[in-house]
Amino acid sequence: MLRRINQALPELVLGIVVYGVLAQVAGIWFAQDKILYTTGLWMGVALAVGMAVNMAIVILDTVDAIAEGRSARKASLYSVLRYLVVVLAFVVVWRFRLGNVIAMFAGVMGLKASAYLQPVTHKFIVAIQGKGLCSRRIKKR
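Thresholds, definitions, all that
- Residues numbered from 1 in each chain as written.
- Predicted model: local features only at pLDDT ≥ 70, side-chain atom pairs only at ≥ 80, totals over all residues.
- Heavy atoms only, no water.
- Helix = DSSP H or I, 4+ residues; strand = E, 2+ residues; numbered from the N terminus.
- Buried < 20%, exposed > 50% of the residue type's maximum accessible area, 1.4 Å probe, protein only.
- Lys, Arg positive; Asp, Glu negative; His and termini not counted.
- Salt bridge = Lys/Arg side-chain N within 4 Å of Asp/Glu carboxyl O.
- Contact = heavy atoms within 4.5 Å.
- Axes fitted to C-alpha atoms, helices over the stretch in contact; angles between N-to-C directions.
- Parallel < 35°, antiparallel > 145°, perpendicular 65-115°, else oblique.
- Left-handed = near helix turned anticlockwise from the far one by under 90°.
- Expected span 1.5 Å × (residues − 1).
- Bend = angle between axes of the 7 residues up to and from the residue.
- Core = buried A, V, L, I, M, F, W, Y, C linked by side-chain atoms within 4.5 Å.
- 1 Å grid on protein atoms, 1.4 Å probe; cavity = no way out; pocket = protein on both sides within 12 Å on 5 of 7 lines; lining within 4 Å.
- Points joined across faces, edges and corners; volume = space filled by probe spheres on them.
- Nonpolar A, V, L, I, M, F, W, Y, C, P; charged D, E, K, R; others polar.

Student: Looking at this model, I keep getting lost on the side chain of Arg 82. Mind explaining?
Tutor: Note that Arg 82 resides in helix α4 (residues 73-95). Buried and without a salt bridge, Arg 82 has Asp 61 as its closest oppositely charged side chain, separated by 10 Å. Discounting residues that sit within four places of it in the chain, Arg 82 has contacts with Met 51, Asn 54, Met 55 and Val 58.

Take a look at the structure:
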């Protein structure tokens, strides 16, 4: 389903989740409150996944709007709303002590790390599958 929205989105989401697992394994040793660290980190990872999906949908809608000659101002509105939701989520987690806010920030940064490492993730997945979208063989006649 995610591939229908954007070809790179599944790899981006996979990278975010792998980043979350690595941050969990590495950071749990240093956290004073392990439960708050874990909940904060995975709330951040969930936010990062939500942001990635939202960005892919907004890009798809914007491309369609431009192709049809409509205004693409809705994209900037969705960008502002996306960041307001993230700030609101941070405030709620901080106010009600639902998780560690620093760990949550680290989880959200998984979106950045995954975006930078997406080409590496793509090569890894292609190597595992043994094929790629561009490497399909064309039968000779």
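After presenting the structure, the write-up continues.
Student: I'm lost on the pattern of salt bridges in this one. Help?
Tutor: Any two side chains of opposite charge can pair if their charged atoms end up close together. The final tally for this structure, using the stated rule, is one salt bridge. Across the pair Glu 68 and Arg 70 runs a salt bridge whose closest N-O atoms are separated by 2.9 Å.

Student: I keep staring at the packing of α4 against helix α5 (residues 101-108) and nothing clicks. Help me out?
Tutor: Orientation of α4 relative to α5, taken along the N-to-C sense of each, is 155 degrees, at an axis distance of 10 Å. The pairing of α4 with α5 is recorded here as roughly antiparallel in orientation. The interaxial crossing formed by α4 with α5 has right-handed handedness. Facing Ala 89, Phe 90, Val 93 and Trp 94 of α4, the residues of α5 in contact are Val 101, Met 104, Phe 105 and Val 108.

Student: Teacher, can you tell me more about helix α6 (residues 110-129) here?
Tutor: Side chains three or four residues apart in an α-helix point the same way, a direct result of the helix having 3.6 residues per turn. Under the 1.5 Å per step criterion, the end-to-end length of α6 is only 24 Å for 20 residues, more than 12% shorter than the ideal 28 Å. Roughly 60 degrees is the biggest bend found in α6, and it falls at Leu 117, with proline Pro 119 one to four residues downstream. Buried-residue contacts for α6 involve α2 (9-27), α3 (34-67) and α5. Looking at the residues trailing α6, positive phi occurs at Gly 130, about 80 degrees.

Student: Teacher, can you tell me more about the nonpolar core here?
Tutor: In a soluble, globular protein the nonpolar side chains are often hidden away together inside. Of all hydrophobic cores here, the largest spans 18 residues; its most connected members are Leu 9, Ile 16, Leu 47 and Leu 111. Those elements giving two or more residues to this core turn out to be α2, α3, α4 and α5. Here this core takes six residues from α3, the largest share from any one element. Ignoring any residue separated from it by four or fewer positions in sequence, one finds Leu 47 in contact with Val 86, Ala 89, Phe 90, Met 104 and Val 108. Ranked by size, the runner-up nonpolar core spans six residues in total, among them Ile 28, Tyr 37, Leu 41 and Ala 103.

Student: Just to check I follow, could you spell out the layout of surface pockets for this structure?
Tutor: Rolling a probe over the atoms, with the probe sized like a water molecule, indicates the empty space that remains. Roughly 360 Å³ of volume is contained in the largest pocket. Along the wall of the largest pocket there are 18 residues; nearest its centre are Leu 12, Ala 52, Met 55, Leu 111 and Ala 115. Looking at the lining of the largest pocket, the element that brings in the most residues is α3, giving five residues. Split into classes, the residues belonging to the lining of the largest pocket amount to 15 nonpolar, two polar and one charged.

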